[in-house]
Amino acid sequence: MTDPGSPVTPPPGVPITAGRDEARRAAADELAKPVYAHAKPSLTRRALDWIGHELSTLWHKAFGTGAGNERDGWTAVLIVLVLVGVTLVVIRKRYGPVRRQVAADRALFGAESPLDAAGYRRAAEEHAAGGRWAEAVRARLRAVIAALEERAVLDPRPGRTADVAAREAGALLPDQAPALLGAARVFDDIWYGQAAAGPQDYRRLVAVDEAVAAARVRVGGPAGGPR
């Protein structure tokens, strides 16, 4: 007689009950968002498998034959939600630098016809007036870099990224270096990290623009003249 062996536990991803299936699908949908697009597939897969395993175990203990009661079931659901939340936080923290690296490879100025610094400032104000804060932030950072190019502090370079521009400008404006890098980070987080943009982000870029415009720049090191 053939030994049926131990009961076969369905692998992660195969639903056992409708409730667990919905919870797992919600977790999978969250991890499939673009913010996690650059996470290593193996780690993401392991995270999903782990969530599925814990969910299956808790669900079985709470709702399995002769096990627990309705209160235990809801307790299991809450535990699973906490586990999912912790996993997502860990992945966000781990792969934030990866997203920033991807952002560092993208040019600040697009292929469209460039404006001068004043033109970018006008565009930024128009976007801000319309509540388009992401566009306002981008236009204002472009104004900062365009103004430095007009002052011959930075050489015009269409392919320059926000991070590169901030580092190059910060080398010539040491007092403004932290603010410039912070402005680039705000831009990257909004445009490539899916962070929500708001009026406070735009005000921060305006302050950086004004500070950089008023700063004295020494070109060519100590031998250079002030600008």
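For the structure itself, look to the data block above.
Cut-offs used in this document
Residues numbered from 1 in each chain as written. Predicted model: local features only at pLDDT ≥ 70, side-chain atom pairs only at ≥ 80, totals over all residues. Heavy atoms only, no water. Salt bridge = Lys/Arg side-chain N within 4 Å of Asp/Glu carboxyl O. Buried < 20%, exposed > 50% of the residue type's maximum accessible area, 1.4 Å probe, protein only. Phe/Tyr/Trp six-rings, centres within 6.5 Å; stacked < 30°, edge-to-face > 60°. Helix = DSSP H or I, 4+ residues; strand = E, 2+ residues; numbered from the N terminus. Arc of directions from axis to C-beta.

(A) Up close: the pattern of salt bridges. Inspection of the entire model under this criterion finds eight salt bridges. The residue Arg 157 makes a salt bridge to Asp 155 at a minimum N-O spacing of 3.7 Å. The class for Arg 157 is partly exposed, based on a relative accessible area of 32%. A salt bridge links Asp 155 to Arg 160; the nearest nitrogen and oxygen atoms lie 3.2 Å apart. Among the charged side chains, a salt-bridge network with shared partners connects Glu 149, Asp 155, Arg 157, Arg 160 and Glu 168.

(B) Looking closely at the packing of aromatic side chains. Overall, the coordinates contain three aromatic pairs when judged by the stated rule. For the ring pair Trp 133 and Tyr 202, a centre distance of 6.2 Å and an interplane angle of 45° mean the geometry is tilted. Linking Trp 133 in helix 5 (residues 133-150) with Tyr 202 in helix 8 (residues 199-214), this pair joins segments that are 69 residues apart in sequence. On the accessibility criterion, Trp 133 (23% relative accessible area) is partly exposed. A relative accessible area of 5% means that Tyr 202 is categorised as buried.

(C) View of helix 6 (residues 162-172). Regarding helix 6, the residues found buried are Ala 162, Asp 163, Ala 165, Ala 166, Ala 169 and Gly 170. Across the axial projection of helix 6, the buried residues extend over an arc of 160°, all falling on one side. Of the exposed residues in helix 6, the ones pointing more than 90 degrees away from its buried face are Arg 167 and Ala 171.

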